[in-house]
Amino acid sequence: MKIEQNRWTEGKGWEPAPPGKLGRSADLVLLFGSRNILKSGAQVDLIKKAFPKAHLLGCSTAGEIYDTQVTDDSLVMTAIQFEHTRINGTRIKIGEVKDSFQAGERLAQSLDQKGLVHVFVLSDGLKINGSDLVRGLTKNLPPEVSITGGLSGDGEYFLETFVLWDGPAEREAVAILGLYGDRLKIGYGSLGGWDSFGPERLITRSEGNVLYELDGKSALDLYKNYLGEHAKGLPATGLLFPLSLRMQEGETGVVRTILSINEKDKSMVFAGDVPQGAYARLMKANFDRLIDGSIGAAKTSREALGAAPADLAVLISCVGRKLVLKQRIEEEVEGVRDVMGARTVLTGFYSYGEISPFTHNAKCELHNQTMTITTFSER
Amino acid sequence: MEPLHSLLLRQLKRHVGQPSAIPSEWQALVHAVDKAYRQFDEDRTMMERSLDLSSQELLHANSEMRVIFERLINSSVDGILAFDRDCRFTVWNPGMERITGIGKDEANGKNASDIFLSLQDTDEAQFLREALRGKTVVAKNRSYVARGTGHQGFFEGYYSPLFNEAGMIIGGLAVIRDVTEQKQWEERLKHSVNYDPLSDLPNRNLFTDRLTQALARAPWSKRRVGILFLDLNRFKVINDTLGHEVGDLLLKNVAARLVTCIRNGDTVAHFGGDKFAILLEDLAQADDIPKVLQKILAFFSESFLIEGHELFTTPSIGVSVYPNDGKDVESLLKNSNTALLRAKEQSSQYQFYLPTMNVKASQRLALESSLRHALERQEFLLHYQPKVAIKSGQFVGMEALVRWRHPEKGIVPPAEFIPLAEETALIIPIGEWVLRTACAQTKTWQAEGMVPILIAVNLSARQLQNQNLVEIVQRALIDTGLAPRYLELELTESVLMQNLEANSVSLDKLHAMGVEIAIDDFGTGYSSLAYLKRFPINSLKIDRSFVRDLTLDSDDQAIVKAIITLARSLKRKVVAEGVETEEQLEILRSLDCDEMQGYLFSKPLPAEDAGKLLKENMERQKRTPL
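Please read all numbers here as calculations on a predicted model, not as lab measurements. (Residues numbered from 1 in each chain as written. Chains lettered and ligands numbered in written order. Predicted model: local features only at pLDDT ≥ 70, side-chain atom pairs only at ≥ 80, totals over all residues. Heavy atoms only, no water.)

1. What about the overall build of chain A?
Then comes step 1: In terms of helices and strands, chain A carries eight helices and 27 strands.
Then comes step 2: Taken over C-alpha atoms, the radius of gyration comes to 19 Å for chain A, in line with the 21 Å a tight globule of 379 residues would show.
Then comes step 3: Each principal axis of the C-alpha atoms in chain A carries an extent, and together these give about 60 × 45 × 40 Å.
Then comes step 4: Across the 379 residues of chain A, 63% fall into the buried class.
Then comes step 5: At a minimum sequence separation of 6, the contacts of chain A that also span at least 24 residues come to 80%.
Then comes step 6: Entry remark: accessible area of chain A is about 14,300 Å², with carbon and sulfur atoms responsible for 48%.
Then comes step 7: Across chain A, the 44 positively charged side chains and the 48 negatively charged ones have centroids separated by 2 Å. (Helix = DSSP H or I, 4+ residues; strand = E, 2+ residues; numbered from the N terminus. Rg over C-alpha atoms; globule rule 2.2 N^0.38 Å. Buried < 20%, exposed > 50% of the residue type's maximum accessible area, 1.4 Å probe, protein only. Contact = heavy atoms within 4.5 Å. Areas by Shrake-Rupley, 256 points an atom, 1.4 Å probe, with all protein chains shown as cover. Lys, Arg positive; Asp, Glu negative; His and termini not counted. Charge placed at Lys NZ, Arg CZ, Asp CG, Glu CD.)

2. So, the pairing of strand S4 (residues 55–60) of chain A
Residue and element names in this part refer to chain A.
Then comes step 1: The buried fraction of S4 is high, at five of six residues.
Then comes step 2: In terms of strand pairing, strand S3 (residues 28–33) meets S4 through six bridges, oriented parallel. Bridging from a neighbouring strand, Gly 33 pairs with Ser 60 of S4.
Then comes step 3: By the bridge criterion, three bridges tie S4 to strand S11 (residues 162–165) in an arrangement that is antiparallel. Along S11, the bridge assignment pairs Gly 58 with Leu 164. (Pairing = 2+ DSSP bridges.)

3. Let's talk about the pairing of strand S18 (residues 243–246) of chain A
All names here are of chain A.
Then comes step 1: Neither face of S18 is left uncovered, since the one carrying Leu 243 and Leu 245 and the one carrying Ser 244 and Arg 246 both have all their residues buried.
Then comes step 2: Of the pairings in the sheet, the one linking S18 to strand S19 (residues 254–256) comprises three bridges and is antiparallel in character. Bridge pairing links Leu 245 to Val 254 in S19.
Then comes step 3: Summarising the sheet, S18 and strand S22 (residues 279–284) pair through four bridges and their orientation is antiparallel. From the neighbouring strand, Leu 245 faces S22, where its bridge partner is Ala 280.

4. A few points about the layout of surface pockets
Then comes step 1: In this structure, the largest pocket occupies an estimated 2,100 Å³ of space.
Then comes step 2: The wall of the largest pocket is formed by 50 residues, among which Lys 344, Pro 419, Glu 422, Glu 423 and Arg 462 of chain B lie closest to the centre.
Then comes step 3: Residue assignment for the lining of the largest pocket shows that the elements contributing at least two residues are strand S6 (224–232), helix H9 (235–242), helix H12 (329–345), helix H13 (355–374), helix H14 (414–424), helix H16 (461–465), helix H18 (493–497) and helix H19 (500–513) of chain B.
Then comes step 4: Among the elements that line the lining of the largest pocket, the one with the most residues is H13 of chain B, at nine residues.
Then comes step 5: In terms of residue class, the lining of the largest pocket is built from 18 nonpolar, 13 polar and 19 charged.
Then comes step 6: A domain split of the lining of the largest pocket shows at least three residues from each of domain 2 (195–353) and domain 3 (366–618) of chain B.
Then comes step 7: Space inside the second largest pocket adds up to approximately 1,100 Å³.
Then comes step 8: What lines the second largest pocket is a set of 39 residues, and nearest its centre among them are Asp 72, Glu 156 and Leu 323 of chain A together with Lys 35 and Gln 39 of chain B.
Then comes step 9: Counting residues per element, the lining of the second largest pocket draws most heavily on helix H2 (residues 27–75) of chain B, at eight residues. (1 Å grid on protein atoms, 1.4 Å probe; cavity = no way out; pocket = protein on both sides within 12 Å on 5 of 7 lines; lining within 4 Å. Points joined across faces, edges and corners; volume = space filled by probe spheres on them. Nonpolar A, V, L, I, M, F, W, Y, C, P; charged D, E, K, R; others polar. Domains from an automatic or database assignment.)

5. Side note on the interface of chain B and chain A
Then comes step 1: Every contact between the two is made by 16 residues of chain B and, on the other side, 19 residues of chain A.
Then comes step 2: Taken together, the two surfaces of chain B and chain A that pack against each other cover about 1,400 Å², and 63% of this comes from carbon and sulfur.
Then comes step 3: Taken together, the connections running from chain B to chain A amount to two salt bridges.
Then comes step 4: Of the charged contacts, one joins Glu 57 of chain B and Arg 201 of chain A as a salt bridge, the two residues approaching to 2.5 Å between their closest N and O atoms.
Then comes step 5: Taken together, chain B and chain A are joined by six residue pairs in polar contact (both at pLDDT 80 or more).
Then comes step 6: For the side of chain B that touches chain A, a count of residues per class yields eight nonpolar, three polar and five charged. (Buried area = accessible area lost by both parts, 1.4 Å probe. Salt bridge = Lys/Arg side-chain N within 4 Å of Asp/Glu carboxyl O. Polar contact = N/O pair within 3.5 Å; in protein donor to acceptor, adjacent residues only side chain to side chain.)

6. Here we look at the packing of H9 of chain B against helix H10 (residues 244–260) of chain B
Residue and element names in this part refer to chain B.
Then comes step 1: It is at 6 Å that the axes of H9 and H10 come closest, and there the two elements cross at 140 degrees. By the angle between their axes, H9 is oblique relative to H10. The segment H9 lies against H10, with Phe 235, Ile 238, Asn 239 and Leu 242 engaging His 244, Val 246, Gly 247, Leu 250 and Leu 251.
Then comes step 2: Its residues assigned to classes, the contact of H9 with H10 comprises six nonpolar, three polar and no charged. (Axes fitted to C-alpha atoms, helices over the stretch in contact; angles between N-to-C directions. Parallel < 35°, antiparallel > 145°, perpendicular 65-115°, else oblique.)

7. Regarding the sheet that holds S3 of chain A
Residues and elements named next belong to chain A.
Then comes step 1: Strands sit in the order S2-S1-S7-S3-S4-S11-S12 across an open sheet of seven strands; the sheet is mixed. Of all strands in the sheet, those with a lone pairing partner are strand S2 (13–15) and strand S12 (170–171), marking the two edges.
Then comes step 2: The pairing of S3 with strand S7 (residues 74–81) spans six bridges and is antiparallel. Looking at the pairing, Gly 33 lines up with Leu 75 of S7.

8. So, empty space enclosed by the protein
All names here are of chain B.
Then comes step 1: Going through the model one piece at a time under the given rule, you end up with two cavities of 30 Å³ or more.
Then comes step 2: When its volume is computed, the largest cavity comes out at roughly 90 Å³.
Then comes step 3: Along the walls of the largest cavity sit Ile 428, Gly 431, Glu 432, Leu 435, Leu 459, Gln 463, Asn 466, Leu 469, Ile 472 and Val 473, which together make up its complete lining.
Then comes step 4: Elements represented by at least two residues in the lining of the largest cavity include exactly helix H15 (427–447) and helix H17 (469–480).
Then comes step 5: Looking at the lining of the largest cavity, the element that brings in the most residues is H15, giving four residues.
Then comes step 6: For the lining of the largest cavity, a count of residues per class yields six nonpolar, three polar and one charged.

9. Re the domain arrangement of chain A
Residue and element names in this part refer to chain A.
Then comes step 1: Under the domain assignment used here, chain A contains domain 1 (2–191 + 288–378) and domain 2 (195–284).
Then comes step 2: Inter-centroid distance (C-alpha atoms) of domain 1 to domain 2 is 27 Å.
Then comes step 3: The interface of domain 1 with domain 2 comprises 24 residues on the first partner and 16 residues on the second.
Then comes step 4: It is Phe 158, Asn 368 and Gln 369 in domain 1 that bury the most area against domain 2; as a group they hold 34% of the surface buried on that side.
Then comes step 5: At the boundary of domain 1 and domain 2, one finds two salt bridges.
Then comes step 6: Asp 273 serves as the salt-bridge partner of Arg 135, at 2.6 Å between the closest nitrogen and oxygen.
Then comes step 7: Taken together, the links from domain 1 to domain 2 amount to nine residue pairs in polar contact (both at pLDDT 80 or more).
Then comes step 8: Taken together, the residues of the side of domain 1 that touches domain 2 break down into 11 nonpolar, eight polar and five charged.

Written as structure tokens, this is what we have:
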């Protein structure tokens, strides 16, 4: 596997410049950038020309990861030339949130499943029920095929998100990449590091990923009360208090974060299911445990590959972590670097949702507030 | 531009100088530090706010739970307690106070052993320790003696460990339920299943149990087991005449006496009514039984004084002995009953079972079964025996006599089936059939132009006791169209004497209707002359035993003469039964007896023959008018 990585910013242009060393030999280019850069399309066209034979896969973000640096308003490009791996992909438009399951099904069915090893998915970050999307994918793929990916982001704005596959970046789209070949090794890991606090609350009214009431009281009012003056920053500030959900006693909880709010009916839209009858607890950040979480995810994803280091690690981390860690956000990427070693190329983005099994052999799920890492290597 | 964070501004002033003095290449750094300071402040403020809010929420939830919890445990009728790792009580609800008599203030903080020792209970503390070892204990049949009242109650306890979130045992809980009342009910129920409610003696159920156990032991001990089945003679008469209260008191007294007749370990049982059974276990020889029998009979020879009445009653006893008379409960009970029936038949006080009895009993059973179907199969018929006026030689009446033509046995004599019919109450429908048939026949003869005669029908004790008797007679007369004055009802003295009051009412009504009443077998029963005055009696029938020896025995002649004289003076008619010879007729004629009945004139005849005789007699009379 040969990799070329460059970053574009308004002030500094491409560094290193110009991109395109791999030229016609690149098979795949990953592009993670701010909404506006992708929307304008100028840099994407430039990349397309520099790597004429490569498939382009990318999305808008809430922060781009370039090595151990986290930047906003940039475009991070990672061109990959595989030696033993074949790839294929597609993208579809999704109509409505309730069609998320069907979208997953259609995407999975579009892939030739023979020799398929791994599926990497990038989805619209707002108009989607990530849980349903994952269920649609899982149901239509062989169990041995692993799935990772994430929901695209829009900074702290939560207005519009974009996904691109070969053509221009588009809203309300989901793209999927299939990787084939028995010499490709994939590792993945996902960890949060948030602490639950306060009383456990029963979800007394919800529909799919829309939450109305906890313990018979407005969930939105509860959030506003806890956020105080930061309530005006909703929905972004809602990410400071993710929800931990569990259906039964002793069950490992899943974490859910807010995508949007609706003042009219006092509802809150979450990135995944918030089932009625489940128990929810507010969560709060613990700086050290967040960084430990990233390191833990890195270890899990690296161990899966064995002794040799990964060629590439794609880091998809939740925007909520970035909102909390602020200037210290790079500490979690540095933690990943320490685990991966110097040889591994790091890229990735800050997302509105992460897709991965927690660990190997676990069921693929939509996560929130985690650092989710997928490692690639060819032997 | 916003002023710098107050802390940063102070630090800059102290260590660098006025902010305006800071070199421009440092401005970006100062700005980043300023932002970080502000962010930390914001984070801290929000964290403090959220912790404050959540602690308020938890406090609220906690106090709500506490109220509910206290309400629940205080309103529970069960005793509820909780204890810590050292077995010291931390919760002691009002239910516990009620059960133990120990207040919450005294119990809380005290060690379980100390508290329960004061309730004379040592197990309780043990259960608590088991709960602390992680076990869930269910203890039934606990009993405490409550402090203060000294009342002993019965309880069920449920003990379970209490875990903290980490799964460590931090104490335990117990729920103590008062089951005293339930237990009392159970005991009462158990008692009522096994004891007679009147005498409180073991009932048939318990007797059968004990007999079963005795029979299980007997083969090992090689001992005998005796079963005495007993009932009281004339108990019904006492019950009917003196009332049920006296009857019940008599049964209680009998029960008490029977108990004194037996050894410890033997059983006197009361099977209800006047029936008792005695189980004699572990008998070395059968000779032991007569000793017990003698003892029982001796006790009965003394009178019972009940509510001012001095009552005598005697038992009839049937005896069966294991192993000779049966090896199982059922056959031993059945055979002692058979022996009892035999004792009653023979009017003996007791009777040991004999194998031949069962043959007779089964024959009787078969007879009873066919008797039940005899009416519907129309196996009964009537014979008629004429009554003749002695002076005129004229036909004056007929006595209707029932016969049973059994499909296999032929004609069964009345003596064999009437007592059985009496006993099984079949006499009621049979008696009604006899009455209606006799009335209908008489009416037919009248319709055929015969001289009207009086038809006599016998009444048994049961028929007389039947409350519908008057109605039955009335309906028979209406349905057949026979005038009441042609019907005569015959009853014996002993039948008349049972239940005097009721009989008197029925007979008065019948008499008022115009029906005649005759006393059958006069001179053999009570012969209490008072009833001749009391009841509306038209005629007396002299018993055949006096008539039979009339020519030989001067005593009988004297009796017959006395009866006739008595009847004359009371203005009653006299009929002699069983007249077989001319000599007997001559004497009766000389004694001025009114009428006679017997083989001398005619045996009982089928209806057709009786009709012919009636016709001949009528024609003869026409030829030779008096």
